[in-house]
Structures are given as C-alpha cells and as structure tokens.
Amino acid sequence: MSSKHSWKRFIFILVDGSPYQVFNDLVQDGTLPNIKKYVIDRGSFKKAVTAFPSTTGPAFIPFFMGQFPGSANLPGIRWLSKKQFQNPCRFRSPGICSYMGMAALSFSAHLPDSPTLFNFFSPVNNIYNILTRGCPPSGDLTRRIKPLAYTYGHFSERWRFVNAIASRKLLKAVKGGAEFIMCLFPAVDTFSHLSHTRSPDVMDTYREVDKTVGEVCQILQSSKEFDDTLIMVTSDHGMSNTHTHIDLPRHLDNLGWRCLHYPLLWRRRTRSASMVSGNGMTHLYFRGEESDNGGFTSKPQKGWGERLSFEQLNRLGVIQPLLEIEGLAFVTGQSEEGAIIVQNKTGVGKIICEDETFSYQFQGIDPLGYGVCHQNLSSRDALIQTYDSEYPDGLVQLWQIFQGHRTGDLVLSAHPGYDLRARYEYPEHHATHGALNAEQMFVPLAINLPIETEFVRTVDLFPTVLSQFGRTVEPSQIDGQILC
C-alpha cells in the first residue's frame, strides 16, 4: 500500500447493515457501477472483519477510534454495569443503558477519553452517525433532524426518505469543502430487518446509494479534487435472514432466574438480566455472589457485585440449560484464572492471552469449528488462521469483549437464522446481526487505495487512514494496525 499520496480530503460512506456477500454480488452483477468505477477500480475491494458484537454503535468504535468495543467499555447497543446498577427503579435506572432510545445522545459521552477521526481533521461534517465525539455541533449536519427522521422512518417504514436526506446532506457537504465527511445510510439495515437481506426495498436502496456515490465523484471531478480525495465505502456489520426468535428472558424466568430486559426495566426481584444487541448476541448478568451452599447471598447490595466466573455459573446450574436451547451457537464467559471459556453442546474451548499472544485449546468437538489447537499466535496470525471460518477472528474477538467491565457474566451468540429476542421488538425483525458468525461479521470494504493484504479488520482502518494523511496515533492507544 502506498503512503506517498498527498490526500486533501476524506469521504467515509457507511452503508449500515450491508453483508459482504450481498455487496460483492451487487458489484459483480453491475448493480453498483459507480462504486466499482470510482472507488474499487482505483483501489481495493476487501472482505473485512468487523468487531464483536457486530452491531451499530459498538461497531463504529473501531473505525473512529481504532479500538474494539471491549477495550472502549461499550460492549453492546444495550449493557448493564453490575457495579452501578440499582434495581428496581421505576423511572430511572443508573448503570443500565440502551442506545436504541434517547440514551443514544449519551453514546459519545460513554466513550473512553481518546481521540476520534473527527479530532484529526478540520473542518469536519457528520451525517446520522451516532459517534459524534470531536465533531463540533455546526459540523453535525443532522443533529436536529435525525431524531425526527428516524422516528418517522421507524413508524412509517419509509426509510428511503431517511436515506434521501442523507444523500442531500452529503452532496451539500462535498460542495462545502470539508476535509472529512462521514455519512451513514441506514436504510439497508432497517429494510433488511423488515424483510430480508435481498428484498426489493433493500436492492433499491443499494442502487440509490450507488447513484449518490456517482454524484459525489462528479462534484469532486468538477472541482478538480477527485484525485486528491480518499473515498471509503464500507459497513459496520453484516446480516443474516431470521426464521426463529428465541425468547431468552422467558427461558431464564422458567429456570428460576427472573430476568430483567428491555423494555421491562421495572421488574422486581430480578436475578438476571439480558441485554441484547442486534438480536444475534446478548450479555447475561446474574445478581449477587455465590454463597457457600451454592445459591446467592441474601444480603442486600448496592449493585449486582462483581462479574461471576464461568465456573461459578456452572456450579449454580446456569450453563447447561442454556446449551440445550436450539439455535444458540455457544455460551462464553471468563474463567476464574482469566481465560475465556467458550462452550456448546459438543465441546468446550479455552482462549488464553499472554504477552499479547493467543493460545487456544479445546475438548470434545471444537465449539468454534477450527479443528486445531493454537499456541502463541500474534493478533494478526490469529486473524489469518481463523479468517475463512464460521467464526472469523473468534479468538481475538471473544477475548476483547471481556476487557470491559460492562460486559456480561456470559455472552451468548446465536446461529444464523436465529435471534435472541422474541417479544417487544417492533416491528418484528426478519434479519439479524450482532453475532460472531461469518455472515454477520464480514463487511465489504471498497476504498480507492491499494491494500495488499487480504486479511483486514475494521479496527485497522483508523490508523491506516491517519497514516495516509501523515497523522499518527500511539500504537498503545489502539487495537488496530496500519495495513500494508
């Protein structure tokens, strides 16, 4: 990859919820001629691995901060902090959050104190992106209209109208000359949830995004800035079609672990909580500490205590009933010595990270399907060894998610075709993301920049883009690395 080009502008277009395979098929069959002509043919088209959980919000953090969601302590679109949470509280619940509502306005405030892409460019524009840290209010072009547009789109299902606003704002921003423009197009994600990943509305949306990319490039050509503008078109997560909804909170209720979950935040005497993201994964939290007789202490606590180890939860009888749920790919948690345990019906694996190298052993049939044990792999080698698997980058991704204290005692991931929320999802979702599987983890990366390696994480794009503009960040502050 060349780093000698003198770029003057950066345009980042994110097509929310676009799976790599669907996007690739549309490139190959000519449905996206502008993206192919103006972006891919001048640079690269890669199959990139997003971050786990593969869901909007947390999956933006790698692009903008070069950190995994676990490193940033934002492990899901919904989360609970066991140390801070107080229950019950009918009108206000400290230590619990869902960015699907008004709390989305707090997303940037919950980020770690690290710079974002917006801090490295000036002037900047933002369109629909939830991650606004570093973007001045005057540059956040949809800060006022987004709540209205998204509410209208949600209840009317007219998401192409919402995308049309993004297109108009983007074209105006390109003419305005901002050094960095980020534009999010939400309609592929929302239409996929409403129908499936290749529905007519989804296909029409791809065509409209491609048309907008063509108009952007024509503006740049007219202003003689096209050759000096870095253009990246990608997605935050993939998507897979859904045929079965798993009512996980009801399972927990029936097992005696009365479950707190959205929107039922006022439930009393709860012993567990399920915080689902993208519906393909969820964090499970369990209240209190294990007592000598194998139950929970009855002593009132301000919070829900520390994270419970995988072994504790196994002794309490939590693990085995979860493994019996049809459609659940695996259950994972942190062992007493700090390793990550991943288990399904047929086997159990252990991920160990020491001195920034990863090792993996398993008993029975490998729950991640790799079929081989690994010793002392670098993060990059761990990506390469697991890239073409059902759980790409699974060793690093399952490790990173447990680095934040807001992560659950257990993290569950569903098989493609299943999700982990059956009630209170309006409208009903017919496509799912959030899980660790390949359909939901692989995203397209179209960029007018030659990238030699075939093994790409979205977390690598933050330092790569900065290097192209001659700007640097301390490697110790990020999880990604410059691509070559």
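Counting of residues starts from 1 at the beginning of each chain's written sequence and follows it residue by residue. Under the rules for a predicted model, residues below a pLDDT of 70 receive no local features and side-chain atom pairs below 80 are neither given nor counted, while totals for whole chains, interfaces and linings still include all residues. Each side-chain value is worked out from all heavy atoms of the structure, with water and hydrogens disregarded.

### Here's the deal with the overall build of the protein chain
Then, in step 1: Numbering of helices and strands runs from the N terminus, with a helix taken as a DSSP run of H or I at least four residues long and a strand as a DSSP run of E at least two residues long. Per the secondary structure count, the protein chain includes 14 helices and 22 strands.
Then, in step 2: Since a compact globule built from 484 residues should have a radius of gyration of about 23 Å, the 22 Å found for the protein chain is in line with a globular shape.
Then, in step 3: C-alpha atoms of the protein chain, sized along the principal axes, occupy 75 × 50 × 40 Å.
Then, in step 4: We call a residue buried when its accessible area falls under 20% of the maximum for its residue type, exposed when it is over 50%, and partly exposed in between, using a 1.4 Å probe and counting protein chains only. Out of the 484 residues belonging to the protein chain, those deemed buried represent 61%.
Then, in step 5: Note on definitions: a residue-residue contact is assigned when non-hydrogen atoms from the two residues lie within 4.5 Å. In the protein chain, the proportion of contacts linking residues at least 24 apart, taken out of those at least 6 apart, comes to 68%.
Then, in step 6: With the model as given, the accessible surface of the protein chain reaches about 18900 Å², and the carbon-plus-sulfur share is 50%.
Then, in step 7: His is not counted, nor are the chain ends; Lys and Arg add positive charge and Asp and Glu add negative charge. Each charge is placed at NZ for Lys, CZ for Arg, CG for Asp and CD for Glu. A gap of 9 Å separates the mean positions of the 46 positive and 47 negative side-chain charges of the protein chain. Just to be clear, the radius of gyration here is over C-alpha atoms, and the globule rule we use is 2.2 Å times residues to the power 0.38. Using a 1.4 Å probe, accessible areas were evaluated by the Shrake-Rupley method; residue-level cover was limited to the displayed protein chains.

### Describing the environment of F12
Then, in step 1: Considering the arrangement of structural elements, one finds F12 in strand β1 (residues 9–15).
Then, in step 2: Setting aside chain neighbours within four positions, we find F12 in contact with F63, F64, F180, I181, M182, C183, M232 and T234.

### Here's the deal with the sheet that holds strand β21 (residues 442–447)
Then, in step 1: As summarised here, the arrangement of the 7 strands in space is β5-β6-β1-β7-β21-β2-β22, forming an open sheet in which the pairing is mixed. Each edge of the open sheet carries a strand with a single partner, namely β5 (124–127) and β22 (456–457).
Then, in step 2: Only strands joined by at least two bridges in the DSSP assignment are considered to pair. Summarising the sheet, β1 and strand β6 (residues 180–185) pair through 6 bridges and their orientation is parallel. Looking at the pairing, L14 lines up with L184 of β6.
Then, in step 3: Along the sheet, helix α7 (residues 200–222) makes contact with β1, β6 and β7 (229–234), crossing β1 at roughly 175°. Orientation is described by lines fitted to C-alpha atoms, with helices fitted over the stretch in contact, and by angles between N-to-C directions that extend from 0 to 180 degrees.

### Observations concerning the side chain of N163
Then, in step 1: Secondary-structure assignment places N163 in helix α5 (residues 159–176).
Then, in step 2: With relative accessibility at 2%, the residue N163 sits in the buried group.

### Things to note about the nonpolar core
Then, in step 1: Membership of the largest hydrophobic core comes to 131 residues, with the highest contact counts inside it found for F10, F64, F121, L170, F180 and Y206.
Then, in step 2: Examining the composition of this core, we find that 9 residues originate from one element, α7, more than from any other.
Then, in step 3: Non-local contacts of L170, meaning those with residues more than four positions away in its chain, are made with I11, I13, I127, I181, C183, F185, T212 and V216.
Then, in step 4: Grouped together as the second largest cluster of nonpolar side chains are 25 residues, L252, C259, V318 and L412 included. As used in this record, nonpolar core signifies buried Ala, Val, Leu, Ile, Met, Phe, Trp, Tyr and Cys residues forming a set joined through side-chain atoms within 4.5 Å.

### As for the sheet that holds strand β10 (residues 259–261)
Then, in step 1: As summarised here, the arrangement of the 9 strands in space is β10-β11-β12-β18-β13-β14-β15-β16-β17, forming an open sheet in which the pairing is mixed. Whereas interior strands pair on both sides, the edge strands pair on one side only; in this sheet they are β10 and β17 (374–377). Along the sheet, successive strands turn relative to each other by an average axial angle of 20°, direction set aside.
Then, in step 2: Bridge count between strand β14 (residues 340–343) and strand β15 (residues 347–354): 4 bridges; the pairing is antiparallel. Opposite Q343, over in β15, you have V348 as the bridge partner.
Then, in step 3: Relative to the sheet, helix α11 (residues 379–386) contacts β16 (357–364) and β17, its axis offset from that of β17 by approximately 140°.
Then, in step 4: Together, β12 (281–286), β13 (328–334), β14, β15, β16 and β17 form the strand contacts of helix α12 (residues 394–401), whose direction differs from that of β15 by roughly 75°.

Remember, this is a structural readout, not a statement about activity or role.
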